[in-house]
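# Descriptive structure summary
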Amino acid sequence: MRPRSSNEASSASTLMTSSSAEAISLRTQKSRTRNRWHSAAHCYCLVLALLVLSMFDLRLGTPRHLSMLQTRTFRQRIPPRTFHSGSKTLPPRLGKFCGAESSAADRQQQAGLKGIQLGDSSISLVADPVKGLQYRGYSASVLSIEATFEEVAFLLIHGSLPDNQTLLSFRRRLSTYQKAHPELERVLELIPKTADPLDVLRIGTSFLEAQEVRVLADSKKRCEIGEGAKVKADELLVLFPTMIFLWMKCHNLIPQFSRIPMDSTFTIPDLIVSSLNLKEPRAVVILHRLMILYAEHDLNASTFAARVTASTGADFYSCVCSALSTLRGPIHGGALMDTAKLFSTFSCPKEAADWTKRMLAQKQLIPGFGHRVYRSGDPRAKMIKQWVMDLAGSSEERLRMINVAEAVEQTMLVEKDLRPNVDFYTPLLLKFLGMDESLFVALFAFSRLVGWSAHIIEQQENGKLIRPTSHYVGFTDLSYRRPC
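Below is a summary of the structure that appears in this document. In every chain, residue numbers begin from 1 and rise along the written sequence. Since the coordinates come from a predicted model, pLDDT governs what is reported: local features require at least 70, and pairs of side-chain atoms require 80 or more to be given and counted, while whole-chain, interface and lining totals use all residues. Note that water and hydrogens are dropped before the side-chain values are worked out from all heavy atoms of the structure.

With that settled, consider the pattern of salt bridges. Whenever Lys or Arg places a side-chain nitrogen within 4 Å of a carboxyl oxygen from Asp or Glu, that contact is recorded as a salt bridge. Using the criterion set out here, one finds 15 salt bridges in the structure. For E280, the salt bridge is made with R282, and the minimal N-O distance between the two is 3.0 Å. Note on E280: relative accessible area 16%, which makes it buried. Burial classes: relative accessible area under 20% of the type maximum marks a residue as buried, over 50% as exposed, and values in between as partly exposed (1.4 Å probe, protein chains only). Overall, the relative accessible area of 39% leaves R282 in the partly exposed class. Ionic contacts of the salt-bridge type, sharing partners, join the residues D196, D199, R202 and R328 into one network.

Structure follows, in structure tokens:
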């Protein structure tokens with residue numbers, strides 16, 4: 001075999017080197033391809049994991065699709081879950097709000113417990129886009145036209161609509177609650193003439209509790225919860241307007257106060273119209289309708305306050321006092337008074353529209369607009385506006401006030417996309433009936449007492465303490481130094 005020359009050896013070496021380089025390049029390319037597939041697989045797994053995790057609310061620790069299925073239909077199939085935030089166990093529907101791990105955006109969105117469900121209730125359905133406002137399954141708008149205030153009061157407090165015989169018996173029983181209360185009348189005489197009517201109701205309600213005979217703790221509990229609380233609610237339905245009118249009579253704010261005869265035709269709107277000597281022929285009918293619309297509205301601020309108080313085991317009267325104190329606030333019940341001032345301030349619609357724009361430019365709130373629940377308009381406001389138009393007739397002064405109201409309404413719709421709530425046209429309605437402005441919020445209380453009572457009774461039967469938590473944002477671990 002002939003030995004290789006140097007050129008041949010060099011060529012062979014070059015060929016081997018080239019082959020090795022190609023092999024290395026091929027392995028590198030395969031490795032890169034494999035890495036790409038691994039990266040793609042990792043991304044795919046990550047996306048899949050995110051999709052799975054998106055079904056869970058990590059702060060609440062429960063699958064969203066399970067929480068949505070926890071309705072009455074599935075509640076027996078799916079056991080209630082315990083929600084956790086860190087090492088703390090939180091109540092189911094308040095877990096997200098209470099959790100220390102919630103984001104700033106969530107806390108901002110849920111400020112004022114916005115969107116938080118307290119629990120189950122069978123009293124009213126609010127802001128349903130199809131069914132509207134309902135009281136124990138009945139349309140509130142239909143009830144306001146077809147029923148009387150006493151029927152709706154019985155429905156909400158006692159749980160069902162009364163038949164004709166039950167309604168007559170209920171009205172007869174209500175009329176007996178107008179019996180004389182000499183001690184209460186003496187207390188009402190001591191309340192100053194300049195007091196707010198809500199303060200009169202609160203003081204009178206507190207006195208009724210103080211006057212009540214004390215019994216053993218277990219006997220009082222049996223009397224307080226259930227039928228005993230319903231009896232007190234029925235009694236306050238009559239005593240609320242009675243206290244106001246007795247107080248007004250003591251200070252000569254009304255000429256007289258005559259009690260309604262005790263019979264089955266007794267109605268609370270009749271008591272109001274006769275005591276205030278309202279001359280409008282349709283006043284009784286309008287008050288029945290208006291008081292039905294104001295009777296109940298889920299967990300508004302005053303009702304929530306009443307339920308919180310009831311959850312502590314407090315007596316019925318104390319719960320009502322909590323609601324009255326909350327209604328005293330200008331953002332809640334005070335909106336009626338602020339709105340009433342608008343209609344007498346402006347002489348023409350243009351002046352009202354210009355004022356509204358100036359207030360909006362200054363970031364000021366316009367009373368009677370916007371609602372925490374209703375976004376496309378309060379259906380109660382539409383009904384009340386129609387009743388206002390019916391009462392206006394051909395009176396130039398009434399038509400002027402309606403034009404002013406519509407100018408403000410149109411400006412708010414154009415500038416802020418906000419629609420009137422139930423408190424915007426109600427002052428006009430009560431003005432047209434001849435009622436004094438100082439009694440507007442008191443009438444609110446006469447009506448909403450029904451809803452307060454229903455929620456207090458429901459909360460007492462539930463027996464659960466309402467105790468949310470807050471998200472702490474203050475300092476921690478500060479060093480204490482004794483002052484010199």
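More follows now that the structure is in view.
Their axes nearest at 11 Å, the elements helix α13 (residues 283-294) and helix α20 (residues 422-433) cross at an angle of 160°. Here α20 runs roughly antiparallel to α13, going by the angle between their axes. Once α13 is placed against α20, the crossing between them reads as left-handed. For the pair α13 and α20, the contacting residues are A283, I286, L287, L290 and Y294 in the first and V422, D423, T426, L429, L430 and L433 in the second. Classification convention: Asp, Glu, Lys, Arg as charged; Ala, Val, Leu, Ile, Met, Phe, Trp, Tyr, Cys, Pro as nonpolar; all other residues, Gly among them, as polar. Here the residues of the contact of α13 with α20 are counted per class, giving nine nonpolar, one polar and one charged. Orientation is described by axes fitted as lines to C-alpha atoms, over the contacting stretch for helices, and by angles from 0 to 180 degrees between their N-to-C directions. Secondary structure counts use DSSP, requiring at least four H or I residues in a row for a helix and at least two E residues in a row for a strand, with both numbered from the N terminus. For this classification, under 35 degrees means roughly parallel, over 145 means roughly antiparallel, 65 to 115 means roughly perpendicular, and everything else is oblique. By the definition used in this description, the sense in which the near helix is turned from the far one sets the handedness, with an anticlockwise turn below a right angle giving left-handed and a clockwise turn giving right-handed. Residue contacts are defined here by distance: any two heavy atoms, one from each residue, within 4.5 Å place the two residues in contact.

A separate point is the sheet that holds strand β7 (residues 138-139). Strand order in the open sheet formed by three strands is β5-β6-β7, and the pairing between neighbours is antiparallel. The open sheet has two free edges, formed respectively by β5 (124-125) and β7, since each of these has just one partner strand. Pairing between strands requires that DSSP locate at least two bridges from one strand to the other. Looking at chain direction, β5 and strand β6 (residues 134-135) are connected through two bridges and run antiparallel. Counterpart to S124 in the pairing with β6 is Y135.

Side-chain rings of Phe, Tyr and Trp (the six-membered ring for Trp) are treated as a pair once their centres are within 6.5 Å; stacked means planes under 30 degrees apart, edge-to-face means over 60, and tilted covers the remaining angles. Under the definition given, this model contains seven aromatic pairs. Measuring from centroid to centroid gives 5.2 Å for F154 and F170, while their planes differ by 75°, and the two rings are edge-to-face. Taken together, the residues F154 in helix α6 (residues 149-158) and F170 in helix α7 (residues 164-176) connect sequence positions 16 residues apart. There is no split in this pair, since F154 and F170 are both buried. Aromatic side chains F424 and Y425 sit 4.9 Å apart centroid to centroid with 90° between the ring planes, which places their arrangement in the edge-to-face category. Following the ring pairs from residue to residue traces out a cluster consisting of F343, F369, F424 and Y425.

Turning our attention to the environment of L418. Mapped onto the fold, L418 is located in the loop between α19 (396-416) and α20. Spatially, the C-alpha atoms of L418 and G377 are 7.7 Å apart, while their sequence positions differ by 41 residues.

It is worth spelling out helix α16 (residues 335-345) at this point. Listed as buried for α16 are A335, L336, T339, A340, L342 and F343. Buried residues of α16 fall within an arc of 150° about the axis and therefore sit on the same side. Its buried side turned inward, α16 meets α13, α17 (349-361), α19, α20 and α21 (440-462). Summarising the geometry, the arc corresponds to the directions from the helix axis toward the C-beta atoms.

Of all hydrophobic cores here, the largest spans 113 residues; its most connected members are Y135, F240, I272 and M435. Those residues in contact with M435 that lie beyond four places of it in its chain are I272, L276, L278, L287, L430, F440 and L443. What is meant by a nonpolar core is a set of buried Ala, Val, Leu, Ile, Met, Phe, Trp, Tyr and Cys residues, joined one to another through side-chain atoms within 4.5 Å.

Next up on the list: unusual backbone geometry. Located in the positive-phi region is D417, a residue other than glycine, with phi close to 55°. Within the secondary structure, D417 is located in the loop between α19 and α20. Of note in this structure, D477 is not a glycine but carries a positive phi near 60°. Relative to the helices and strands, D477 is located in the segment after α21. Accessibility expressed as a relative area gives 77% for D477, which makes it exposed.

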